[in-house]
Each structure stands twice: as structure tokens, then as C-alpha cells.
Amino acid sequence: MRAWFDSLQPRERWIVLGGAAAALVIILWAGVLRPLGTGTETLRGAVDTKQKLLIDLGRLEATQSPTGPNGVPPGADQTLVVIVDNTAQSHGLTLSRTRPNGPSGIDVTFQGASFDVLVSWLVTLHDTYAVDVESASLTSARVQGLVNGQLSLHRL
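Values in this document were obtained by computation on a predicted structure and should not be read as measured data. (Residues numbered from 1 in each chain as written. Predicted model: local features only at pLDDT ≥ 70, side-chain atom pairs only at ≥ 80, totals over all residues. Heavy atoms only, no water.)

Asker: Please give an account of the overall build of the chain that cites residues and values.
Answerer: Within the chain, the secondary structure is distributed over 4 helices and 4 strands. Starting at the N terminus, the α and β elements of the chain follow one another as α-α-α-β-β-α-β-β. Across its three principal directions, the C-alpha atoms of the chain cover 95 × 35 × 20 Å. Within the chain, contacts between residues separated by at least 24 positions form 54% of all contacts whose residues are at least 6 apart in sequence. Summed over all atoms, the accessible surface of the chain reaches about 11,000 Å², with 61% contributed by carbon and sulfur. (Helix = DSSP H or I, 4+ residues; strand = E, 2+ residues; numbered from the N terminus. Contact = heavy atoms within 4.5 Å. Areas by Shrake-Rupley, 256 points an atom, 1.4 Å probe, with all protein chains shown as cover.)

See the structure below:
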């Protein structure tokens, strides 16, 4: 290949080098830059959607009262285990294991839960039943948007 290139006239060498540079630029654009731009637009759309959801949740939180009739928080007569199980089912979450942790705490383990649904469930627990996350350990599952993990919840 080198012998062929050396046998070309100087003007032909410049043409071959220019063509190779143009081919390299086209390959770089088509193989790297264009897919990155498409991925960036997809992520921007997802971020916009999540921000709108967060704004809607803030508006909803502002309109809801944290206490029920007579100033008593809803679920005050239910145990934390019952509250966690019922609200998880209503949100479509499947909990692998729940274990009481003291008089006002519970440890929860789950597999393959949607992150968005999990956050919505935690917001419901906090706003409606005054249950907060004491500690959390989350890892991503093999499927995008799903997480595995453990939560330690406690009632205020």
C-alpha cells in the first residue's frame, strides 16, 4: 500500500489524503456524533417529563391535607405493616419481604420495582401516613427504570 501511495504524483497524493480525511469525518459523524445527539434529545425529553410530574406532585401536595377528619392522620389506627402492604399493593409494587423494626419501623425489600412508582409510593407514605425513609439502599436492575433494594421506614 505504501509503495502504491509513493508511486502517485504529489497532486494525486493530496487528493487521496483529502478523500481519506473526508471519509473519516463522515464515519465519525455517522457512527459517534449522530447517535449521541439522538440520545441527548431522548434524555432531555425524559427530564422534561419528570420535571412536569414533580410540579404536578407539588401542586397535589399543596391541595391535600395531611390529616383526616378530627385532625387525626389517616391510618393512625392501622399498624405500619398493614399501611405499607396496602399502599404498596395500591401502587402496584410487589414487596419481597417486610420485617418490623421496633415499634414504629419496618424494613422492606423489593426486586424489579419501577423507580418512578417507588418514589410515588414513598411520597404517598410520607404525605398521607407520616412515614419517612430512614435509610435506603437501591441498585439498578437489568431493565432500565427498574431497581432492587431495601428501605428502612419509620413512622413519625
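Once the structure has been displayed, the description carries forward.
Asker: Residue-level account of the layout of surface pockets, with values.
Answerer: Roughly 530 Å³ of volume is contained in the largest pocket. Around the largest pocket sit 17 residues that line it, and K50, L53, F115, D116 and V119 are the ones nearest its centre. At the level of elements, α2 (10–63) and α4 (115–129) are the ones that each hand at least two residues to the lining of the largest pocket. Take the lining of the largest pocket: its biggest share by element is 8 residues, from α2. Residues belonging to the lining of the largest pocket are distributed by class as follows: 8 nonpolar, 5 polar and 4 charged. (1 Å grid on protein atoms, 1.4 Å probe; cavity = no way out; pocket = protein on both sides within 12 Å on 5 of 7 lines; lining within 4 Å. Points joined across faces, edges and corners; volume = space filled by probe spheres on them. Nonpolar A, V, L, I, M, F, W, Y, C, P; charged D, E, K, R; others polar.)

Asker: With reference to specific residues and values, describe the pairing of strand β4 (residues 146–155).
Answerer: As judged from the 8 bridges shared by strand β2 (residues 105–114) and β4, these two strands associate in the antiparallel manner. Residue pairing in the sheet places D107 in a bridge with S152 of β4. Relative to β4, strand β3 (residues 131–140) is paired through 9 bridges, and the arrangement is antiparallel. The partner of S140 across the bridge, within β4, is V147. (Pairing = 2+ DSSP bridges.)

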